[in-house]
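# Examination of the molecular architecture
Spelled out from the first residue to the last, the chains are:
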Amino acid sequence: MAAILEVENLSKKFGEFEAVKGVSFAVEEGEVFGLLGPNGAGKTTTISMLTGVLPPSAGAARVGGYDIRAEMHEAKKINGLVPQDLALYPTLSARANLNFFGRIYGLQGKDLKERVSDVLRIVSLTERADQRIETFSGGMKRRVNIAAGLVHQPRLLFLDEPTVGVDPQSRNHIFESVQRLNRERGMSIIYTSHYMEEVELLCSRVAIIDEGRIIALDTIKNLIALLGGGVINVGLTRANEALLAQLAALPAVKEAALISQPLAPPPGEGAEPKERPASASGVTVKIVAEHSQQAVVNVIGFLNGRDITLTSLEILEPNLESVFLHLTGKKLRE
Amino acid sequence: MFKNTLAIAWKEIQLMLKDRGSLAILFLLPLLFGAVYGGMNLKFADTDDAGILVRVGVVNLDTGIFGEEITAALHTIDELQITDYETAAEAEAPVATGEAAAAIVIPAGFTEQVNAYTPTEIEVIVDPAQPESASIVTGIMNQVVDEATIWGEIQYGIRAVLEDSDAFTTASPEQQQAFAAQNLGVIMTQLNEMRRNPAIAVVSEDLEGATIEGGIEIFFALMFPGLTVMFVFFIVGVCAASLLNEREAGTLRRLLAAPLTPSAIIGGKTLAYMALACAQVVVLLGVAAIFFNMPLGASPLALLPLTVILAFVAAAMGMMIAALSKTPKQADTTGTVLGFVLAGIGGCIAMGPTPLTRTTGFIGILSKLTPHAHALEAYYSLMGENATFVQVLPEMGILLAMGLLFFTIAAWRFRFTD
Ligand SMILES: Nc1ncnc2c1ncn2[C@@H]1O[C@H](COP(=O)(O)OP(=O)(O)OP(=O)(O)O)[C@@H](O)[C@H]1O
Ligand SMILES: [Mg+2]
């Protein structure tokens, strides 16, 4: 497969501050590629340079073979941009907005009409199409925002955090649309997010970006393999520092620590974190393993030997969140 | 390329049509003023038979603006010889002795009552022995009081229109007050100027032998274009804000990511605001021609290129203000202030018998620096003096040059990134 996007050493300086420090990556035609990074990592700045919104300070990139410096005008016809912040005319109807964004790509007449109906169908807003955007809910506005980037049928779509501030239902809808556009229309997609769940769900490959640099780039499976083992949550009636140290010292175990809270629920779901009072139902010890299988056997053997009651056992696959933590020592989301 | 420009222009027009507040300021406000000035001048032009001298005593117990206005207005009426008194009793005494024909008493709180739309009365005490003089005084009073109520309505109109505008409602109460007062101040001064030196002055000066009717209509060929040019330039702020709004609303990103040239973006906006300005001219001059018999001159077709060029200057000035401002709000304010200042300097407000450009000395030269003055000069020459297309070419040339300068500055200084 040919690369639809090749990026080489792309940099952006705002005055003295270098927001993007020489990123390089390539996206294959038909791929959903993730850009994962915390706030301020430089994701939007990178996308802005690739779409012609900002001029790069250094480096090069080619979109569909067109150089973004010399042949940006051609590159722009291939690109579709869904900006992170809503970029619509609130006093106009959804249809008027989409008509306009189609016209500036040269669409008109019957073609334009069909394309607009099509994208309205994709984001399920046909019924509300003739109402002003300002009367829409947040999730609906987001959907129009996405539709506006699709009217001209781009080959390469840049989705910059399309689910921020969206209710779970709209979010699922957005995921499905992205998957369908990719599968049924062969659209290549660059999906930016700081939610690792989204990236894990949608993307085949991911570049993890932090402080303007790509710190890892691979398939999700390979990235997770970077961690080596996995995480095991063990429920006990009680635990103290000495016990934790003994557990950490077991073969195949890297570390053991008490956790006060379960893992964060998926964003936006608003699920209440379950309370785990140490007195009533015991404590949970999180064990980071070099090798999950081996560690489970060793931990159970150890606990049996001491006659400590095991109240629960949960084996977690490591995720991108842990990968990011592993690579940077920071959490993806604060 | 041109299709893109048109797409942007069409979108811009759709946005304008949704912005009722701005439309009210750009169309209804000048129509309201036009009707009031025009009507007032017609009225004064009609009542031009001096001769009788009536002695009248006036007492103004009101502390507000209308009492003052009415007193001042009475002083300007040639038929009346006015003496001011402090109290009603003092004013009535000469009436009782037959020395004066009438005493006029403006009650305390008159202004507040007019403003509050409460019925109020001005007392006219007449000498029954001089019935003719008495009826003249009452007649004059009715006319003057009519005017006072018009003031009240104008004030109400301004408020109503301003309250419809976004910029006004989002301002703090102090700003609102200041803004309303500023507008009112400018307009009141203008109206007062007009009333004190109404068309009669023009008429009696210029019209040896001609009819008064013809004179007032020639005057309208200056007055209505003045009003029109002034309000055409009020699109500057709106236009500038609309360009900066693209950045604020994030839509500039989409425009930049699309295969558009910067000139298509600026050009499309300019085109849309030119259309708006042309619509203003057509509506305002159309109303003037139909309802006030304003002449269109010997070469009415020449009005078309003149109007298009005027519209271009105003839109280009908007683009320039956008390029030089940081936020839409700042651009809007700059545009509005500039609109008032340039209208003043350019002679849209001062009401001499001819355009300000013809004044000798500093004022005349200063006025020539504004596009307003040149536009006004060209409209007046065409409509009031039957000039030909060729005769106004120099003015059109100057206007076009100004527009191109503004447009160039806009294209050069506008930051086409986020
Ligand atoms: N126009 C600008 N001028 C100066 N600094 C900027 C500008 N745009 C972005 N930055 C800085 O560049 C860095 C990267 O910003 P960017 O918006 O690319 O981050 P991001 O990864 O998209 O973050 P988020 O997840 O919050 O959207 C930040 O530190 C930001 O403050
Ligand atoms: Mg961003």
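Residues numbered from 1 in each chain as written. Chains lettered and ligands numbered in written order. Predicted model: local features only at pLDDT ≥ 70, side-chain atom pairs only at ≥ 80, totals over all residues. Heavy atoms only, no water.

On a plain count of helices and strands, chain A comes out with 12 helices and 14 strands. In chain A, which comprises 334 residues, the proportion classed as buried is 51%. Taking as baseline every contact in chain A between residues at least 6 positions apart, the subset at least 24 positions apart corresponds to 72%. On chain A, roughly 15,300 Å² of surface is accessible, and the fraction owed to carbon and sulfur atoms is 49%. (Helix = DSSP H or I, 4+ residues; strand = E, 2+ residues; numbered from the N terminus. Buried < 20%, exposed > 50% of the residue type's maximum accessible area, 1.4 Å probe, protein only. Contact = heavy atoms within 4.5 Å. Areas by Shrake-Rupley, 256 points an atom, 1.4 Å probe, with all protein chains shown as cover.)

The subject of this paragraph is the nonpolar core. Core analysis: the largest hydrophobic core is formed by 172 residues, its most contacted members being A:Leu5, A:Phe25, A:Leu98, A:Ile104, A:Val206, A:Leu320 and B:Tyr379. Filtering out sequence-adjacent residues up to four positions away, B:Tyr379 remains in contact with B:Pro225, B:Val229, B:Val281, B:Leu285, B:Leu303, B:Leu306, B:Thr307, B:Leu310 and B:Gly384. Grouped together as the second largest cluster of nonpolar side chains are 20 residues, A:Ile232, A:Ala252, A:Ala295 and A:Ile308 included. (Core = buried A, V, L, I, M, F, W, Y, C linked by side-chain atoms within 4.5 Å.)

The next point concerns the domain arrangement of chain B. Here chain B is partitioned into domain 1 (2-44 + 214-413) and domain 2 (53-152). Taken over C-alpha atoms, the centre of domain 1 of chain B sits 42 Å from the centre of domain 2 of chain B. (Domains from an automatic or database assignment.)

What follows deals with the pairing of strand β11 (residues 230-236) of chain A. All names here are of chain A. Judged by how many residues are buried, β11 sits mostly within the fold: 7 of 7 residues are covered. Pairing of β11 with strand β13 (residues 283-289), which is carried by 7 bridges, proceeds in the antiparallel orientation. By the bridge assignment, Gly 235 is partnered in β13 with Thr 284. As defined by bridge partners, β11 adjoins strand β14 (residues 310-316) across 6 bridges and the pair is classed as antiparallel. The partner of Val 234 across the bridge, within β14, is Leu 313. (Pairing = 2+ DSSP bridges.)

So, about the state of the cysteines. All names here are of chain B. What the rule picks out here adds up to 0 disulfides over all chains. Note on Cys 278: no disulfide assigned, nearest cysteine sulfur contributed by Cys 239 at a separation of 13 Å. Here Cys 348 stays free of any disulfide, with the sulfur of Cys 278 as its closest cysteine sulfur at 17 Å. (Disulfide = S-S within 2.5 Å.)

A surface patch of nonpolar side chains, amounting to about 430 Å² of accessible area, comprises B:Phe362, B:Ile363, B:Leu366 and B:Leu369. Position of B:Leu369 relative to the elements: it lies in the loop between α16 (362-367) and α17 (371-384). (Patch = residues over 30% accessible without salt bridge, like charges linked within 9 Å, V, L, I, M, F, W, Y side chains within 5 Å. Salt bridge = Lys/Arg side-chain N within 4 Å of Asp/Glu carboxyl O.)

Now for the interface of chain B and chain A. Counting residues at the interface gives 23 residues for chain B and 31 residues for chain A. Between chain B and chain A, a total of about 2,400 Å² is buried, with carbon and sulfur atoms accounting for 63% of that surface. Its largest share of buried area at the contact with chain A, chain B owes to B:Arg253, B:Arg254 and B:Pro259, together 31% of the area lost on that side. Taken together, the links from chain B to chain A amount to 0 salt bridges. Where chain B packs against chain A, one counts 7 residue pairs in polar contact (both at pLDDT 80 or more). Looking at the side of chain B that touches chain A, the elements with two or more residues in it are α1 (2-18), α11 (235-249) and α12 (251-257) of chain B. For the side of chain B that touches chain A, the leading source of residues is α1(B), giving 9 residues. Tallied by class, residues from the side of chain B that touches chain A come to 11 nonpolar, 5 polar and 7 charged. (Buried area = accessible area lost by both parts, 1.4 Å probe. Polar contact = N/O pair within 3.5 Å; in protein donor to acceptor, adjacent residues only side chain to side chain. Nonpolar A, V, L, I, M, F, W, Y, C, P; charged D, E, K, R; others polar.)

What follows deals with the sheet that holds strand β9 (residues 205-210) of chain A. All names here are of chain A. The mixed open sheet is built from 6 strands, whose spatial order is β6-β7-β8-β3-β9-β10. Two strands close off the open sheet at either side, each with one partner strand: β6 (79-82) and β10 (213-219). Each strand axis lies, on average, 15 degrees off the axis of its neighbour in the sheet, ignoring direction. Pairing analysis gives 6 bridges linking β9 to β10, with the strands arranged antiparallel. Residue pairing for β10: Arg 205 is matched across the bridge by Thr 219. Each of β3 (32-36), β7 (156-160) and β8 (188-193) is contacted by helix α6 (residues 168-185), which is oriented at about 155 degrees to β8, the strand it contacts most. (Axes fitted to C-alpha atoms, helices over the stretch in contact; angles between N-to-C directions.)

What follows deals with the site of ligand 1. All names here are of chain A. The environment of ligand 1 is formed by 14 residues, the closest being Lys 43, Thr 44, Thr 45, Gln 84 and Glu 161. Contact between ligand 1 and Gln 84: an oxygen atom at 2.8 Å from a side-chain N or O atom of the residue. Contact with the protein chains covers 64% of the free accessible surface of ligand 1, which is 630 Å². Those elements that provide at least two residues to the shell around ligand 1 are β2 (17-28) and α1 (43-51). (Near = heavy atom within 4 Å.)

All names here are of chain A. At Asn 9, a position not held by glycine, the phi torsion is positive, near 55 degrees. With respect to the secondary-structure elements, Asn 9 resides in strand β1 (residues 3-14). One non-glycine residue, Asp 307, adopts positive backbone phi at about 65 degrees. Counting through the fold element by element, Asp 307 comes out in the loop between α11 (292-306) and β14.

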